[in-house]
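Report on the structure
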Amino acid sequence: MTSTAPERPGTDHVVTADALRRTYAGGFDAVRGVSFSVARGEVFALLGTNGAGKTSTVELLEGLARPSAGTVRVLGLDPYARRAEVRPRTGVMLQEGGFPADLTVAETVRMWAGCTTGARGPTGAGRRTEVVERVGLGRRAAVRVKQLSGGERRRLDLALALLGRPEVLFLDEPTSGMDPEGRRDTWDLVRELRDEGTTVLLTTHYLEEAEQLADRLAILHAGELVLAGTPGEVTASRPARIRFRLPPDVPAARLPLALRAAADGPRVEIRTTTLQETLGELLRWAADSGTVLDRLDARSPSLEEAFLEIADHTPEGVR
């Protein structure tokens, strides 16, 4: 079932997708009626397994392709039909930059600055130095691209996306290949950009990243938007779980009716929307019956569980 990401009341939406579809040759629908909007100054995360339709969706938002149906607006404009007006006001960080390996960091940024026309403000030497420093590559400016680590190349990709002071920033897997320090630094930078008024739309496979950064998020499944909201709203839509093992001489049928759940021999899992009450009832029963619950594990709902539950039902073949 297709869902629409809830909007913040009274906000200025700078990215909107309405009943968006993308059909490839042969009739394959990679994006199937997706609708959502992103507010100015908001970080919005698109999640999904490989093949869920994230890249196909983002390419439409970036104006790299025309939708098969539905509409896209970025800063109030069609990003495909009016690309010359939209592109200077946006920054795009692709999964791979593909820049010449023999250029240094400084030379790459200078080359890209020459291609960044109509940007918000000058992209001269001062601005080039600023973005390199801001992504933590100041001391690596004279190093050739081929000598950079994978994480450092991602930092360079981010620097180039920021060069034109974009109003809207598209980040496709921005911390892929980064070490934990680089990931935390990038998170801090994204938060700074949001606080400065930049609207950020990102895709990521790191669920912690989405939880840390996103004001709102959406999970795609088989080309459809199936779950959306704030991280708290998304996790609250899923039940908590309690797992334990019963002693060999205690069958699951002895559990109180309200606690009976999926059991595989002595292993029992209970799903509940009232974790405290259910756990309390279970512990009282165990105490009254003298039953030891081995490997007892109770967990609140998490974004990871919501994501994996959807991913387990994702068919193959969706881009």
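Rules used throughout
- Residues numbered from 1 in each chain as written.
- Predicted model: local features only at pLDDT ≥ 70, side-chain atom pairs only at ≥ 80, totals over all residues.
- Heavy atoms only, no water.
- Helix = DSSP H or I, 4+ residues; strand = E, 2+ residues; numbered from the N terminus.
- Buried < 20%, exposed > 50% of the residue type's maximum accessible area, 1.4 Å probe, protein only.
- Contact = heavy atoms within 4.5 Å.
- Areas by Shrake-Rupley, 256 points an atom, 1.4 Å probe, with all protein chains shown as cover.
- Salt bridge = Lys/Arg side-chain N within 4 Å of Asp/Glu carboxyl O.
- Pairing = 2+ DSSP bridges.
- Axes fitted to C-alpha atoms, helices over the stretch in contact; angles between N-to-C directions.
- Parallel < 35°, antiparallel > 145°, perpendicular 65-115°, else oblique.
- Left-handed = near helix turned anticlockwise from the far one by under 90°.
- Nonpolar A, V, L, I, M, F, W, Y, C, P; charged D, E, K, R; others polar.

1. Topic: the overall build of the protein chain
Helix and strand counts for the protein chain come out as ten helices and 13 strands. Principal axes of the C-alpha set define a box for the protein chain whose edges measure 75 × 45 × 40 Å. Expressed as a percentage of the 319 residues in the protein chain, the buried residues total 47%. By sequence separation, contacts in the protein chain at least 24 residues apart represent 70% of the contacts at least 6 residues apart. Working note: accessible area of the protein chain is about 15200 Å², and carbon and sulfur atoms make up 48% of it.

2. Overview of the pattern of salt bridges
Taken as a whole, this structure holds 22 salt bridges when the rule is applied. With its nearest N and O atoms 3.9 Å apart, the salt bridge here joins Arg 40 to Glu 167. Taken as a pair, Arg 40 in the loop between strand S2 (28-39) and strand S3 (43-47) and Glu 167 in the loop between helix H5 (150-162) and strand S6 (168-172) lie far apart in primary sequence, 127 residues in all. Residue class for Glu 167 comes out buried when judged on its relative accessible area of 13%. Salt-bridge contacts for Arg 194 lead to Asp 215; the nearest nitrogen and oxygen are separated by 3.6 Å. Here Arg 194, found in helix H6 (residues 180-195), pairs with Asp 215, found in the loop between helix H7 (207-213) and strand S8 (216-221); they are 21 residues apart in sequence, far enough to count as distant. Because the salt bridges share partners, they merge into one network encompassing Asp 12, Arg 40, Arg 89 and Glu 167.

3. Focus: the sheet that holds strand S5 (residues 90-93)
Here six strands make up an open sheet; going across it, the order is S5-S6-S7-S3-S8-S9 and the pairing mixed. Both outer strands of the open sheet, S5 and strand S9 (224-229), are each paired with one neighbouring strand and no more. Pairwise comparison of adjacent strand axes, ignoring direction, gives a mean angle of 15 degrees for this sheet. As judged from the four bridges shared by S3 and strand S7 (residues 199-203), these two strands associate in the parallel manner. Considered in S7, the bridge of Phe 44 is made with Leu 201. H5 rests against S5 and S6 of the sheet, and its axis sits at about 165 degrees to S5.

4. So, the side chain of Ser 56
With respect to the helices and strands, the residue Ser 56 is situated in helix H1 (residues 54-61). Looking at Ser 56, the relative accessible area reads 2%, which means it is buried.

5. A short note on the packing of H5 against H6
Orientation of H5 relative to H6, taken along the N-to-C sense of each, is 10 degrees, at an axis distance of 12 Å. Comparing their axes, H6 and H5 come out roughly parallel. Relative to H6, H5 is oriented so that their crossing is left-handed. Note on element contacts: H6 touches H5 through Glu 181, Gly 182, Asp 185, Thr 186, Leu 189 and Leu 193, opposite Arg 155, Leu 158 and Leu 162. Residue composition of the contact of H5 with H6, grouped by class: four nonpolar, two polar and three charged.

6. Focus: the sheet that holds S2
With respect to topology, three strands assemble into an open sheet ordered S2-S1-S4, the strand pairing being antiparallel. At either margin of the open sheet sits one strand with a lone partner, and together these are S2 and strand S4 (69-74). For this sheet, the mean inter-axis angle between neighbouring strands, taken without regard to orientation, is 15 degrees. Note that strand S1 (residues 13-24) and S4 share five bridges and pair antiparallel. Pairing of Arg 21 across the sheet is with Ala 69, part of S4. Sheet strands in contact with H1 are S1, S2 and S4, and its direction is about 125 degrees off that of S1.

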